[in-house]
Amino acid sequence: ATTSLARSPGRIAALFGGAIWRLVLLRTVAHERSHRSEQARAALAAEFAEQSTARDREELAEVLVQVGPLLEAIAQDRELDAPFRFEIGLVEASLRDRIRSPWARHPRLIETIAARRRTGVEVLLLGERETSLGDDLALAAAGLIAHAERGDVTIHAAPPGRDHALSVLLRDGSRSVRVQLA
């Protein structure tokens, strides 16, 4: 068989050409796949950026609803009297909660916290959670703080691995009550 290949240089050239063609084809296919992967990654990154921008715009629109009237009043030279400063403090606390404790953004809990703050109860949200509170936890926490008349309330999101998800501390000046919610 070797002697027949040696006598036929065309066969050797065909084998050599086929091997070169195969290598070029493999490299071309690999390059095309790589290019498609880069395109897919770029498309995914662009989609993520668009979604992130849309969420940011929604967030800013919601913040503007809260802050806009106060800023307009200040721009119109409204006097910074005690009631107006109190209102500014309420909005500031709400914005702080929104930034530092996004896990607590349940409508009923937000509403209850705002109502307690309006009566003068200090409400503090602490801790980091990767997920939002479910309805059961949010409603339980709202129920616990709904009747606080004075003092302060601290709602602490427990770190992962604890036997409870939230700790609610209610202090009215004469006594303290801590309730852990799972």
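Note: the structure precedes this text.
These remarks concern the structure in this document. (Residues numbered from 1 in each chain as written. Predicted model: local features only at pLDDT ≥ 70, side-chain atom pairs only at ≥ 80, totals over all residues. Heavy atoms only, no water.)

For helix 2 (residues 9–75), which comprises 67 residues, the first-to-last C-alpha distance of 91 Å matches the rise-based estimate of 99 Å (1.5 Å per residue) to within 8%. A bend of about 45° at Val67 is the largest found in helix 2, and the proline Pro69 appears one to four places after it. Of the residues making up helix 2, those classed as buried are Val67, Gly68, Leu70 and Ala73. Against helix 3 (82–100) lie the buried residues of helix 2. Phi turns positive, to about 65°, at Asp77, one or two residues after helix 2. (Helix = DSSP H or I, 4+ residues; strand = E, 2+ residues; numbered from the N terminus. Expected span 1.5 Å × (residues − 1). Bend = angle between axes of the 7 residues up to and from the residue. Buried < 20%, exposed > 50% of the residue type's maximum accessible area, 1.4 Å probe, protein only. Contact = heavy atoms within 4.5 Å.)

By size, the foremost hydrophobic cluster in this structure holds 22 residues, and its most contacted members are Trp103, Leu109, Ile145, Val153, Ile155 and Leu166. Listing elements by their share of this core, those giving two or more residues are helix 4 (107–118), strand 1 (122–126), helix 5 (135–145), strand 2 (152–157) and strand 3 (166–171). The element that contributes the greatest number of residues to this core is helix 5, accounting for 5 residues. Discounting chain neighbours no more than four positions away, the residues touching Ile145 are Leu109, Thr112, Ile113, Arg116, Val153, Ile155, Val168 and Leu170. Core analysis: the next-biggest nonpolar cluster, separate from the first, contains 5 residues, Val67, Leu70, Ala73 and Val91 among them. (Core = buried A, V, L, I, M, F, W, Y, C linked by side-chain atoms within 4.5 Å.)

This next bit is on the pairing of strand 3. Across the 6 residues that make up strand 3, a large majority, 5, are buried. Pairing of strand 2 with strand 3, which is carried by 6 bridges, proceeds in the antiparallel orientation. Residue Ile155 lies in a different strand from strand 3, and its bridge partner there is Val168. Across 6 bridges, the pairing between strand 3 and strand 4 (residues 176–181) is antiparallel. (Pairing = 2+ DSSP bridges.)

On inspection of all chains with the given rule, the structure shows 9 salt bridges. Of the charged contacts, one joins Arg117 and Asp97 as a salt bridge, the two residues approaching to 2.7 Å between their closest N and O atoms. With a gap of 20 residues between them, Arg117 in helix 4 and Asp97 in helix 3 connect regions that are remote in the sequence. With relative accessibility at 8%, the residue Arg117 sits in the buried group. One salt bridge connects Arg171 with Asp152, and the closest N-O pair in it is separated by 3.1 Å. Remark: Asp152 occurs in strand 2 and Arg171 occurs in strand 3; sequence separation between them is 19 residues. In this structure, a network of salt bridges that share partners links the residues Glu59, Glu62, Arg98 and Arg105. (Salt bridge = Lys/Arg side-chain N within 4 Å of Asp/Glu carboxyl O.)

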